[in-house]
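# Observations on the model geometry
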Amino acid sequence: MRKTVVILILIFMAGNAQALTDLAFGVYGGLNAPIVQDDARAGTGFGFRVKFAPSPVLGAAAFFESRTYGDPEIVILQGTPNERTEKTDGGKVTVLGIEGLIGSTGGGIGPHFYWMVGLGNYKWTRDGEEDFSKVGYHLGPGLEIGFPSGLGIEAKAKFEVVPTDGGGSRKNLLIFVGANYHFGLM
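Described in the following lines is the structure provided in the data block.

### Thoughts on the pattern of salt bridges
Enumeration over the complete set of coordinates arrives at eight salt bridges. Its salt-bridge partner being Glu65, residue Lys158 comes within 2.5 Å of it at the nearest N-O pair. Residue Lys158 is found in strand β9 (residues 151-163), and its partner Glu65 is found in strand β3 (residues 58-68); the two are separated by 93 residues along the sequence. There is no split in this pair, since Lys158 and Glu65 are both buried.

As structure tokens, then:
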């Protein structure tokens, strides 16, 4: 019974594929939202990725993202008569990374749901602050709707964790929408 359920899930996730192997190039943009961070506010981001799916169920991608954070306000001399609020630079983040994909990763017509897990070199630069560069990890779902022309419209969400010195971490929620062009390979 377990094997039957696993096989049915894999068949459902695989969907219909136009080719056994798929190569796709995509661009995307959307929201970059820090989670429980006082030194940054929500901003925007964009990126591009190259995806290779050797089968309709498994794939891998390389990506580049450029994101900004909104400028946070900090309170200076809190609790004193000279207390004031100032804006600081939220900064800019660049990420170069790779991710593994499982689910309906290949090209084809119709909806394709998949999961991604990956890692990337996360570099955060801000005015007046030292650059921060670490390897971060992410995971999340994605959904692409493919059209007969080889184009696909995609939406994906990532939960990202970037470890910091001292045992803490920076966490971000990323929500992107974009378009892919698929080159079906035999």
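### Concerning the packing of aromatic side chains
With the rule as written, the count across this model stands at seven aromatic pairs. Each ring, one from Phe25 and one from Phe48, has its centre 6.2 Å from the other, and the planes form 35°; the classification is tilted. One end of the pair, Phe25, is in strand β1 (residues 21-35); the other, Phe48, is in strand β2 (residues 43-53), and 23 residues separate them in sequence. Accessibility expressed as a relative area gives 41% for Phe25, which makes it partly exposed. Consider the rings of Tyr181 and Phe183, whose centres lie 4.9 Å apart with planes at 75°: the pair is edge-to-face. We classify Tyr181 as partly exposed; its relative accessible area is 36%. Looking at Phe183, the relative accessible area reads 41%, which means it is partly exposed. Clustering of aromatic rings is evident, with ring pairs tying together Phe25, Phe48 and Phe64. Sitting over the face of the ring of Trp124, Arg126 holds its NZ or CZ atom 4.0 Å from the ring centroid. When the ring centre of Tyr28 is taken as reference, the NZ or CZ atom of Lys156 above it lies at 3.8 Å.

Procedures and definitions
- Within each chain, residues carry numbers counting from 1 in the order of the written sequence.
- Per-residue local features of the predicted model are confined to residues with pLDDT of at least 70, and side-chain atom pairs are confined, for both listing and counting, to 80 or more; whole-chain, interface and lining totals are unaffected and use all residues.
- With hydrogens and water stripped out, all remaining heavy atoms of the structure feed into the side-chain values.
- Whenever Lys or Arg places a side-chain nitrogen within 4 Å of a carboxyl oxygen from Asp or Glu, that contact is recorded as a salt bridge.
- Secondary structure elements are defined from DSSP: runs of H or I of at least 4 residues count as helices, runs of E of at least 2 residues count as strands, and each element is numbered from the N terminus.
- Note on classification: 1.4 Å probe, protein chains only; a residue is buried when its accessible area is under 20% of the maximum for its type, exposed when over 50%, partly exposed between these limits.
- Pairing of aromatic rings covers Phe, Tyr and Trp, the last counted by its six-membered ring, and requires centre-to-centre distances within 6.5 Å; plane angles under 30 degrees mean stacked, over 60 mean edge-to-face, and any other angle means tilted.
- A ring is considered to have a charge above it if a Lys NZ or an Arg CZ atom is located within 6 Å of its centre and within 35 degrees of its normal.

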